[in-house]
Amino acid sequence: MSPTKSLVTLSHVAVRLGGRQVLHDVDFQIERGEIVTVVGPNGSGKSTLLRVVIGAQGTATGTVARVPGLRIGYVPQKLHVDPTLPLTVRRFLDLPARIPDALAREALDQAGAGALGGQQMADLSGGQFQRVLLARAILSRPDLLILDEPTQGLDQPGSAAFYRRIAEVRAELGCAVLMVSHELHVVMAASDRVICLNGHVCCAGAPEHVASAPEYRALFGTGTQGALALYRHEHAHGHDHDHDHPHSHEAAE
């Protein structure tokens, strides 16, 4: 792969679903090693944009270019595991194909789930479950890690801990990260670049720039800028313990 070419580039992309224009005139790219977060109100096209990047959603107009051989790891918005199914974390990582024990251990360690291999999936807390999904996503050593609302069901400290782990994975693997989240203060504090989406790209740039942009404040209110500054200050302090609520394995949309 060329060291200078963007991993994924969208140019003038539009998407129509069920006769409705979901995205229009979207120009977007993601570079190697950066953490990019997409924020926007419900129905703004965030998950659709991720599906376009992955290649699971076609476009009505525009082009999508990916570097040859691009490896993508994906953490879904929700995943239901039958609580009556006897399935350990280690066996879960073997689906759909068996992987070497050393590779499984490495992925679990990188995801902060190294001690969970023998536990039942049904017994995991919310934070543990998300870390196992993260481990599965990084098994392929992705160039691009994509996460769609990865911390639903976690409280804010638990979300912050998960996003710190994402930053560590980025540093260890050298991958780019593309995330969608509603948790504005938490996720923006973990991001290099933020894309504010509402059917099109309203504004984009560093978190502080986006938080002060009129387009962003029109969507999310004027209090978010101060909250982001406060959270960035708090984010600098170490909180390694996990905070999460009991996990239901199926988050709400």
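Small disclaimer: the values here were computed from a predicted structure and weren't measured.

What counts as what
Residues numbered from 1 in each chain as written. Predicted model: local features only at pLDDT ≥ 70, side-chain atom pairs only at ≥ 80, totals over all residues. Heavy atoms only, no water. Pairing = 2+ DSSP bridges. Helix = DSSP H or I, 4+ residues; strand = E, 2+ residues; numbered from the N terminus. Axes fitted to C-alpha atoms, helices over the stretch in contact; angles between N-to-C directions. Contact = heavy atoms within 4.5 Å. Parallel < 35°, antiparallel > 145°, perpendicular 65-115°, else oblique. Left-handed = near helix turned anticlockwise from the far one by under 90°. Nonpolar A, V, L, I, M, F, W, Y, C, P; charged D, E, K, R; others polar.

**Student:** What's the story with the sheet that holds strand β6 (residues 144-148) in this structure? I'm lost.
**Tutor:** Within a sheet, neighbouring strands are paired by backbone hydrogen bonds and run either parallel or antiparallel to one another. Across the sheet, which stays open at both edges, the six strands sit in the order β5-β6-β7-β3-β8-β9 with mixed pairing between neighbours. The sheet terminates laterally at β5 (72-75) and β9 (201-205), the two strands that pair on one side only. The mean inter-strand angle of the sheet, taken between neighbouring strand axes irrespective of direction, is 15°. Pairing of β6 with strand β7 (residues 176-180), which is carried by five bridges, proceeds in the parallel orientation. Within β7, the position partnered with Leu147 by the bridge is Met179. Docked against the sheet, helix α1 (residues 46-54) engages β3 (35-39), β5, β6, β7 and β8 (193-197), running at close to 155° with respect to β6.

**Student:** How should the packing of helix α4 (residues 126-137) against helix α5 (residues 156-173) be read in this particular structure?
**Tutor:** Working note: a packed helix pair is described by the angle between its axes plus the distance between those axes. At a minimum axis distance of 11 Å, the contact between α4 and α5 shows a crossing angle of 20°. When the axes of α4 and α5 are compared, the pair comes out roughly parallel. Handedness of the α4/α5 crossing: right-handed. Facing α4, whose interface residues are Gln130, Arg131 and Leu134, α5 presents Ala161, Phe162, Arg165, Ile166 and Val169. A class-by-class count of the residues in the contact of α4 with α5 yields five nonpolar, one polar and two charged.

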